[in-house]
Amino acid sequence: MAHNNYQRLPRRTALLIGLAGTAALSLQTLLTSNLWDVVDNVGDGGGGDARMTELEDQYRRILMPTVEEIFGKEDEEILAIPGDDMLSGSDNGEAPEPSTTAAISHAQLIDANQPLPTYTLQDAIDSSKMFDRKFALLIYDPDDDAFYGLYSKRHNLVKGCQKVLNSIKNLSYLLRTNFPERFQGKKSAELVIPISSGDYPGVSSNCIDHFRQESPDPLIPSDWQKSIELGQDCSHNTAPILHFGSVFRHPHMFPNIIAMPMPVPHHLNCFSTWATAKTVCKELREKGIDEKAMLLFGDAIGLKWEDLIPQVVWRGTDFPFLAQINPLLKKPQFHERLINWPWSQTEEDKMTKKIGGQTAFNAANKKLKLYRVRKRAPKQADVNEQILSRFTKAAAVESLKGQYIHLLPRWKAVVLTAEAEVIAKPNTLPWANMKFASYVQDGHKVGALGAEDYKDWEGIGFATGDYKSHKNLAQYKYHIDLGGGGGTTWSGTIQKLAMPGMLFHHLTPTKDYIHDWMKPWVHYVPVSSDLLDLKEKFDWAESHRVQSKKIADEGTKLMRHLTSPEGFEQMYQQDMVEPLKRVIEGYKPISINQSQTSWRTWREAIQKIEGDDVLFSVIKCHG
């Protein structure tokens, strides 16, 4: 096959940074800027004791172990900036070897061209016990020559269930299209496939809680697996579960869950389009060729690397982040103490501690003078007003830095941006430009700039920014794909890889199927989930412009390949056909198992196992 230098990475443990992405280094060390005289103990916004409660500290120790505690040197090697000699050559297409110490997941078996463990209808039903939402059984019924989607009354019906229905429709069609000989009506046996869909797997809180067990030491991977196996209904990992959405990155976390294309038009639906017409869907075409396309390549609009704006840019939605896994991560609440705490300092600190270049004493004097000179010296008043505005913004930054570990990643980016703006020298660009362009109101995205919910933040120059089109964003040299509700971004990663700038890829506890095609330090520069290494990586990129441009170019080439007919066929075979083939081969129909049971049909088996009406049909498809 031509272009065989584009290969998926073997699925491995290497990229999980910890369930909530804390840093391996000291938080205080990394957050303290040497350009500031930092005021201590302002984490509560009012100058009080910023130490976390005992519960929060326990949560951080157990749920957020450091990189080294979880994966030793493997993650450190990926996140660490490589030497220039390691970046001088081109991508030779050789994927790194998978870790020999990692758990073998179903996805890894598929990558290694190995059969999956055999499973039965009983195993498929048992796997549902790990979930409490957005899980279904897809069953092929030979008598009707049709596919049924069954949902359990034990599971919650939530808004995201629409994604499950979309997944069932597409999967039924793809099964029939790719394996017609397997679905021949009464000549064939039934087939049962557990599927789930959503931002990330809808596993029950019970199962997630096994990763939060109280312990004097952080749990290591072998303990994670043991804790799952000991947990009630959390160890049903025989039957493969096809998850259409983001999955947990670490194979110890539910090793039978397999990442499948996300149930949105520019991912899963594109696979169905390819199966039908062998054409790449319009969403993945180049902008300018199709008005509904999502991808904008730099050469198409005449952008050159040397002309790009040297900032890390991001515009997106103020959205939660893996809420079930990270219940303590939050968005900050605006209150007056956030900006007024400098005046609650000791008298000595008011006179000597500088915040954004000013002491509280000097800021107070300028505030008094501001009102006195407004009419007789308006220019001087404007200068004082700018200084006070800078002081207020700096005070908010210092206060929020004390809360940094608790903030959602996108709010962490907002704080880093505000800090960059405060410390930027006159007439120079801040290194970061990461702001909210929208937020969710009544289930819909609406503009954040000028919205009532952000009025106070905007008053101190925080959080919101102007909307930027793809063409605007493409003019920047550095991008970042900040994770959202499921820990990833289903659109941002592929869009930003296509653009002429370089991608800082946000490594979080979850990943998408397409991430296995991306190689760190070849197609992107990895940054940790807490973003504490982002400034260091930016400085590296600015001082290594040849290497940065090469990484940016390789990312663009990758997206050009994957969205070409040849590249999409390669992705279609490896990310759709192969997993389905292995799952079909792994299922053991009732007819083969009749010596061990008295069941004659799948309907009878379900009635005997689950009782009447526990599993009910939500959709019927003929494929």
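The preceding data block contains the structure.
All of the points below concern the structure found in this document. None of these values were measured; they are calculated from a predicted model. (Residues numbered from 1 in each chain as written. Predicted model: local features only at pLDDT ≥ 70, side-chain atom pairs only at ≥ 80, totals over all residues. Heavy atoms only, no water.)

**A short note on the overall build of the protein**
What counts, and what does not: Only DSSP runs of H or I with at least four residues qualify as helices, and only runs of E with at least two residues qualify as strands; both kinds are numbered from the N terminus onward. Accessibility here uses a 1.4 Å probe with only protein chains present; expressed as a share of the type maximum, an area under 20% marks a residue as buried, one over 50% as exposed, and anything in between as partly exposed. In what follows, residue pairs with any heavy atoms lying within 4.5 Å of each other are defined as contacts.
Helix and strand counts for the protein come out as 23 helices and 16 strands. For the protein, with 623 residues in total, the buried portion stands at 58%. Put simply, 75% of the contacts in the protein that link residues at least 6 apart link residues at least 24 apart.

**Details of the side chain of lysine 412**
Keep this limit in mind: Think of it this way: Lys and Arg go in the positive column, Asp and Glu in the negative one, and His and the chain ends go nowhere. We define a salt bridge as a contact between a side-chain nitrogen of Lys or Arg and a carboxyl oxygen of Asp or Glu at a distance within 4 Å.
Position of lysine 412 relative to the elements: it lies in helix 16 (residues 409–423). Although lysine 412 is buried, it forms no salt bridge, and the closest oppositely charged side chain is aspartate 530 at an N-O distance of 7.1 Å. With near-sequence residues (within four places) excluded, lysine 412 lies in contact with Leu329, Tyr404, Ile405, Leu407, Asp530 and Leu531.

**Topic: the environment of leucine 284**
As for its position among the elements, leucine 284 is in the loop between helix 11 (268–277) and strand 7 (309–318). Overall, the relative accessible area of 7% leaves leucine 284 in the buried class. Separated by 279 residues in sequence, leucine 284 and threonine 563 have C-alpha atoms that sit 6.2 Å apart. Beyond its immediate stretch of four places on either side in the chain, leucine 284 contacts His266, Cys270, Leu295, Ile494, Thr563 and Phe568.

**Concerning the packing of aromatic side chains**
Defined as follows: Any two of the Phe, Tyr and Trp rings considered here, Trp counted by its six-membered ring, make a pair once their centres fall within 6.5 Å; the pair's planes then place it as stacked at under 30 degrees, edge-to-face at over 60, or tilted in between.
Applying the stated criterion across every chain, the model contains 25 aromatic pairs. Between tryptophan 305 and tyrosine 478, the aromatic rings sit 6.3 Å apart at their centres with planes inclined by 90°, giving edge-to-face as the arrangement. With tryptophan 305 in the loop between helix 11 and strand 7 and tyrosine 478 in strand 12 (residues 476–480), the pair connects residues that are 173 residues apart, well separated along the chain. For the pair shown, tryptophan 305 and tyrosine 478 are each scored as buried. A centroid spacing of 5.9 Å and a plane angle of 80° characterise the contact between tryptophan 314 and phenylalanine 436, whose relative ring orientation is edge-to-face. Here phenylalanine 436 lies in strand 10 (residues 432–441) and tryptophan 314 lies in strand 7, a separation of 122 residues in the sequence. By the burial criterion, tryptophan 314 is buried, and phenylalanine 436 matches it.

**Points about the state of the cysteines**
To be explicit about the condition: Cysteine sulfur atoms that come within 2.5 Å of each other are treated as a disulfide pair.
Taken as a whole and assessed by the stated rule, the structure comprises one disulfide. Cysteine 270 shares a disulfide with cysteine 281; S-S distance 1.8 Å. When the S-S torsion is 75°, as for the bridge of cysteine 270 with cysteine 281, the disulfide is right-handed. You can see cysteine 270 sitting in helix 11 and its partner cysteine 281 sitting in the loop between helix 11 and strand 7, a full 11 residues away along the chain. Like cysteine 270, the residue cysteine 281 is buried in the burial classification.

**A word on the nonpolar core**
Filter applied, for reference: We define the nonpolar core as a collection of buried residues of types Ala, Val, Leu, Ile, Met, Phe, Trp, Tyr and Cys that are connected through side-chain atoms lying within 4.5 Å of one another.
Leu175, Leu242, Phe462, Ile480 and Phe504 are the most contacted members of the largest nonpolar core, which has 143 residues in total. If you tally residues by element for this core, the top one is helix 22 (residues 565–586), at eight residues. Discounting residues that sit within four places of it in the chain, phenylalanine 462 has contacts with Lys393, Ala396, Val397, Leu400, Val414, Ala418 and Trp457. Counting nine residues, the second-largest nonpolar core is a separate cluster that includes Trp341, Ala360, Ala395 and Val422.

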